[in-house]
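In case you want the letters, here they are:
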Amino acid sequence: MRTAVPVMRNAILRALVAAATVAVSAACASSSGGESESSCEFRVEYDKRVYSDVANAEFKLGKKLGTAVIPPCDDSPDDGDGQASPDSTIAYEIEGVDSTLAIALDGAPADVLFVAVDSDSDSGGELPPEIKKLIKGS
């Protein structure tokens, strides 16, 4: 359903997404006294908005939008207080959805889209209807 993007970039971003997921999961699993010491979520910044990932979506990739930034997660107690560098990737439109609501990323898994964090603030935490219709099983 998605259009092809350069294979090498896909492989690199898939590895980055997988590494970030594993790192966040491991950081969240580490605990002290039964409480998690990490609160990182996989977030992306594009056009002065922050987006969070939503899986199990079915959509068509639209036109290339520009560079998106994946900010580093440095709230892990074992990070050595070093400042990690943000990573960048390419953001794409999702056909039929305004980019202020959601975007797709170059090399992200085919069923993952990124929803603007503030887009659901007026709806009590509910995903916008445009996004709900893209989620499998909704």
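All figures in this text were calculated on a predicted structure; none of them were measured in a lab. (Residues numbered from 1 in each chain as written. Predicted model: local features only at pLDDT ≥ 70, side-chain atom pairs only at ≥ 80, totals over all residues. Heavy atoms only, no water.)

(A) View of the overall build of the protein. Along its length, the protein carries two helices and eight strands. Going from the N terminus to the C terminus, the protein shows its helices and strands as α-β-β-β-β-β-β-β-β-α. Taking contacts inside the protein between residues at least 6 apart in sequence as the whole, the part at least 24 apart equals 62%. Taken as a whole, the protein presents about 8000 Å² of accessible surface, with 51% of it coming from carbon and sulfur. (Helix = DSSP H or I, 4+ residues; strand = E, 2+ residues; numbered from the N terminus. Contact = heavy atoms within 4.5 Å. Areas by Shrake-Rupley, 256 points an atom, 1.4 Å probe, with all protein chains shown as cover.)

(B) Quick peek at the nonpolar core. Counting residues in hydrophobic clusters, the biggest one holds 16 residues, and the most contacted among them are Phe59, Ile94, Val97, Ala102, Leu113 and Ile131. When contributions to this core are tallied by element, the ones reaching two or more residues are strand S6 (87-94), strand S7 (102-105) and strand S8 (113-116). A total of three residues in this core trace back to one element, the largest contributor, which is S6. Core analysis: the next-biggest nonpolar cluster, separate from the first, contains 13 residues, Ala68, Leu105, Phe114 and Ala116 among them. (Core = buried A, V, L, I, M, F, W, Y, C linked by side-chain atoms within 4.5 Å. Buried < 20%, exposed > 50% of the residue type's maximum accessible area, 1.4 Å probe, protein only.)

(C) Structural context of the pairing of S6. With seven bridges connecting them, strand S5 (residues 61-70) and S6 associate as antiparallel partners. Across the sheet, the residue bridging to leucine 61 is isoleucine 94, located in S6. Both S6 and S7 contribute to a ladder of two bridges, which runs antiparallel. Each residue of the ladder has a partner; that of alanine 91, found in S7, is leucine 105. (Pairing = 2+ DSSP bridges.)

(D) Geometry of the confidence of the model for the protein. Of all residues in the protein, 59% attain a pLDDT of 70 or more, and the chain-wide mean is 74. Of all the helices and strands in the protein, strand S1 (residues 31-32) carries the lowest mean pLDDT, 37, while S7 carries the highest, 97. (pLDDT = per-residue confidence, 0-100.)

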